[in-house]
Amino acid sequence: MFQVDIIEQCKQNNRKAQMQLYNQYCNGMYIVAKRFLKDANDAEDVVQEAFIKAFTKLHQYKAEVTFGAWLKRIVVNKSIDLLKSKKQQLVELNEVHLKVVDIDDNDKWLVDDTITVNDVKQAIHQLPEKYEYVVMLYLIEGYDHQEISEILNITEVASRTQLSRGKAKLQELLKIKSNGTRY
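Parameters and conventions
Residues numbered from 1 in each chain as written. Predicted model: local features only at pLDDT ≥ 70, side-chain atom pairs only at ≥ 80, totals over all residues. Heavy atoms only, no water. Helix = DSSP H or I, 4+ residues; strand = E, 2+ residues; numbered from the N terminus. Buried < 20%, exposed > 50% of the residue type's maximum accessible area, 1.4 Å probe, protein only. Contact = heavy atoms within 4.5 Å. Areas by Shrake-Rupley, 256 points an atom, 1.4 Å probe, with all protein chains shown as cover. Polar contact = N/O pair within 3.5 Å; in protein donor to acceptor, adjacent residues only side chain to side chain. pLDDT = per-residue confidence, 0-100. Salt bridge = Lys/Arg side-chain N within 4 Å of Asp/Glu carboxyl O.

Moving on, we come to the overall build of the protein chain. When its secondary structure is counted, the protein chain shows eight helices and zero strands. Across the protein chain, helices and strands are ordered from the amino to the carboxyl terminus as α-α-α-α-α-α-α-α. The burial tally for the protein chain puts 37% of its 183 residues in the buried class. Taking the contacts inside the protein chain whose residues are at least 6 apart along the sequence as the reference set, 65% of them involve residues at least 24 apart. Accessible area for the protein chain stands at about 11,200 Å²; split by element, carbon and sulfur atoms hold 48% of it.

On to the environment of Arg-73. Turning to its location among the elements, Arg-73 is positioned in helix α4 (residues 67-85). By relative accessible area, Arg-73 is classed as partly exposed at 24%. The spacing of Arg-73 and Ala-50 is 23 residues in sequence and 9.3 Å in space, taken between C-alpha atoms. Sequence-distant contacts of Arg-73, defined by excluding residues within four places in its chain, comprise Tyr-143, Glu-147, Glu-150 and Ile-151. Separated by 3.2 Å, the side chains of Arg-73 and Glu-150 make a polar contact.

Across the protein chain, the average pLDDT comes to 80, with 79% of residues at or above 70. The secondary-structure element of the protein chain with the lowest mean pLDDT is helix α5 (residues 117-126), recorded at 82, while helix α3 (residues 40-56) shows the highest, at 93. Within the model, the stretch residues 88-106 combines pLDDT values under 50 with 28 contacts to residues more than four positions away or in other chains.

Moving on, we get to the pattern of salt bridges. Per the counting criterion, the structure on display carries five salt bridges. The residue Glu-8 makes a salt bridge to Lys-11 at a minimum N-O spacing of 3.6 Å. Of this pair, Glu-8 and Lys-11 both sit in helix α1 (residues 3-11), three residues apart, which is roughly one turn of that helix. Lys-11 sits in the partly exposed class, given a relative accessible area of 34%.

Below, the structure written as structure tokens:
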């Protein structure tokens, strides 16, 4: 069955089609939620809430992006909402203290070859929250600065600045001393 057919059947409350769509995306959406929430139960709850919202708002889905991208946006927003509700507020920077950061083409996200993906993920979670979310949304989820600014309700300048500062702190966390051990 094609994706468009499944979505059309879901719009008509076909439970079998809804279950098929759920099974197709639940694992991937759980991974996205877990990156933000770190707690398995919270991630499961967010995924369930995201699917409920997606199925109730499916009439608003216009296929301008893939269904997976649309659903992922719901999961990310629900994850951030849960973090906020747990009083883990995102720290807003005072716009006066921000500066525009230009990233040139030579600017690379390079780390030592011995560093694993898990090392990078753990280091991202050690970043201050104001940097962690921007770095995760940019590097791991693939959002651009305009999308990040909408999701986190910050300016694009703040997104670029927080990414630059987060990247610097991330590289510092991943730096290996001369004897082969980290700080």
